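Each chain, letter by letter, is given below.
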Amino acid sequence: MDKYITGSKVGILLLCALLMSACSTNATTTQSEAAAGTVAASGTTITQNGAATGVQLASAKLSDLVTFDEEDSNTTWTADQSTEIALAGTSALVDGTGAESKDGSVTITAAGTYVLSGKLSDGQIVVNNQDEGTVHLVLNGVNITNSDSAAIDIKEAGKVIITLEDGTENSVSDGATYVYADETTDEPSAAIFSKADLTINGTGKLSVSANYNDGITSKDDLKIMGGTIEIKAADDGIVGKDLVGVQDGNISITAEGDGMKSTNDTETDKGFIAIAAGTFDITAGNDGIQAETSLVIEGGTYTLVTGGGNEKGEVKTGDQGQGMGMRGGRGQGTGDQAPGATGATGATGTTGTTGTTGTTGTSTSETKPETMPETKPEIPTTEASTTATTATTATTATTATTATTTESETPSTKGLKAGGDISLNNGTFTIDSADDAVHSNSNIAIADGEFNIKTGDDGIHADALVAISGGKIDITKSYEGIEGANIEISGGEAHVVASDDGVNVAGGNDEATVGGGPQEQDQFSDSASNMLTISGGTLTVDASGDGLDSNGSITMSGGTVIVNGPTNSGNGALDFDGSFEQSGGTLVAAGSSGMAQAPSDTSSQHAVSMTFPQTQEAGTLVHLEDSEGNSILTFAPSKSYQTVVISSPDLKDGGSYTLYSGGTSTGSEANGLYTDGEYTGGTKVVAFEITSSVTWLNESGVTTANTNQGPGGGGGGNRRP
């Protein structure tokens, strides 16, 4: 057995608390407490005015979870120190000790190295080593088929290593019907099945056709060191109960269930997945890669399609606003509102676009699929509710077995999913998922990597904390882009397109249409401790709902944030219930005016909020410069807008500034923001002087804020009526 790190230690590694205030209270989400293998990593500490004290999530390392030892890498063998097994149709010739051929099957009963070659048309390789030694199986060009059970059945051994010999192609397949000894038996349940630790290494190729249930299953540890592995499975592709560890390999999986999963949900120091490198091409009817506890990825290339892709997501009804003062149940807020502008009345919000139910349930490897295909499986192209069943087997178990239905639930169709923490330290990810692309019931830490995401629900979702410190994230389609009870962005580059909120802290007021009726999703507890913290990196948001939405507060001390917010007046480019404390960084947020907010007047960095008399066309430049003609900011919103909020370290108390509209710029453009170059041809809108933290403007000049909230509250903060 490998050396494990305990669940509590994993949680400690994931949480580094950097206290910034002596006066604080600690709050954790109930979702995090319920997640196996973690501690309360979402314990965001806050000061009494709602500002975060800077809890930071550190990425766990693969070495914290799994060790690849020398034996796992061993691919060497010699003819004089191994037993040769030559497969010949319905029989086999054994040359050496430790194995016996009988009735079309080969049984290995002793530790040692066994070199297999040839074809077995209807038989089985059985490992039953009672002395707990290591059995080394070298697949040297084999084709093994079993019509009524597993092709390779490892009943007992200390450890089994399967080597894919260099330059060889190997294949195993089972039938759609398994014959068991009696009705209480349900193992084996995969084309390659092991009740011992199993390691697959080598540089050859292995093709697995699993017509009954799973492709490769270990009821203990499962490690993959290399090779090319192709799997087609009627249920799950790769299953390791205690762990799945991948050092390298070229892995392709087509599965009607999950692509790759761990299943131990009773021991918090097990049930994880750790991947160092490799290429993964997974098409799954359910989740792509699903860890029962923690998921750690150090590198690799991943192409994941789950649940038929983003177009198959459940229809969701988003919080697109109900017009002024009608976002019932939200807090009254703490800041001021600016006076309304012409044409800025609240409008009834539109509904959200495609999404899914966001379920976090998992399937277990021990439960057979309710129905199995008689031919090679095809991935379903339509979303349908799956039925959780309790299989009642007779002596013959088939893919058409009738079972007692215990409950009906919508399948989980996420890309990367974990019941505990997810640490993504590097890698290239292309994810097309019906449900969340990256989902944790606890915390997510992204340190590096490239992410290209299309999803029918959330791009990145954590029930507790999402911490992004590096990498390049491109979410081109989502219901909500990044969502968590708390979100910290300290580095990297993130681009988010969302049909509802772009970045959402403690949200989840959306509904999914399930079974003909609405079902509430992603419920977070409302608390002033919920925090969006931005200290670095670049974040660009294109949202039909709120751009940045915190059902707590926002702090910003660095980085660049660009928001192209909603065009309907039931939402705002910025939306927060508590406060928005800004002390650094560059912020520009454009959107409709009906629910517009700006940073709080307690911020140490100045901000300007301009409301135009009419809606401006998409692409119309907004240019702000000081009295000496120095450019503060030039920005071209990608959508029509009526309000623009600008905050920059270059805005100074007592300074004089002029805001222009239209014109052109010769500067370099990135995400609508221009740097350097010359701005010309614009129309002067207003000249003003900064005398307070937040300067509210309209075409007539500086205006005053009023504190009327209207019935029902509107999320608080400096909201424009």
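Structure first, text after, so check above.
Here the structure is a predicted model, which is why all the values come from computation and not from measurement.

Conventions and cut-offs
- Residues numbered from 1 in each chain as written.
- Predicted model: local features only at pLDDT ≥ 70, side-chain atom pairs only at ≥ 80, totals over all residues.
- Heavy atoms only, no water.
- Helix = DSSP H or I, 4+ residues; strand = E, 2+ residues; numbered from the N terminus.
- Buried < 20%, exposed > 50% of the residue type's maximum accessible area, 1.4 Å probe, protein only.
- Contact = heavy atoms within 4.5 Å.
- Core = buried A, V, L, I, M, F, W, Y, C linked by side-chain atoms within 4.5 Å.
- Pairing = 2+ DSSP bridges.
- Axes fitted to C-alpha atoms, helices over the stretch in contact; angles between N-to-C directions.

## Details of the environment of Ile632
Move 1: Mapped onto the secondary structure, Ile632 falls in strand E57 (residues 631-635).
Move 2: Residue classification places Ile632 among the buried positions, given a relative accessible area of 12%.
Move 3: A C-alpha to C-alpha distance of 9.0 Å links Ile632 and Tyr657, two positions 25 residues apart in sequence.
Move 4: Excluding anything up to four places from it in sequence, Ile632 contacts Leu624, Glu625, Asp626, Ser648, Asp650, Leu651 and Tyr657.

## Some details on the nonpolar core
Move 1: Ranked by internal contacts, the top residues of the largest apolar core, which has 103 residues, are Ile216, Leu416, Leu539 and Leu548.
Move 2: It is strand E11 (residues 134-146) that provides the largest number of residues to this core, a total of five residues.
Move 3: Among all residues touching Leu539, those that are not within four sequence positions of it are Ile489, Ala494, Val496, Val503, Ile534, Leu548, Thr560, Val561 and Ile562.

## Topic: the sheet that holds strand E56 (residues 622-626)
Move 1: Ordered in space as E61-E62-E57-E56-E59-E64, the six strands form an open sheet in which the pairing is antiparallel. In this open sheet, the two strands that pair with only one neighbour each are strand E61 (668-670) and strand E64 (683-689). In this sheet, adjacent strand axes meet at a mean angle of 25° when their direction is disregarded.
Move 2: As defined by bridge partners, E61 adjoins strand E62 (residues 673-675) across three bridges and the pair is classed as antiparallel. When the bridges of E62 are listed, Glu669 appears paired with Tyr674.

## Some remarks on the environment of Gly299
Move 1: As for its position among the elements, Gly299 is in the loop between strand E29 (295-297) and strand E30 (301-306).
Move 2: Taking relative accessible area as the criterion, Gly299 reaches 8% and is therefore assigned buried.
Move 3: Taking the C-alpha atoms as reference points, Gly299 and Asn426, separated by 127 residues in sequence, lie 4.6 Å from one another.

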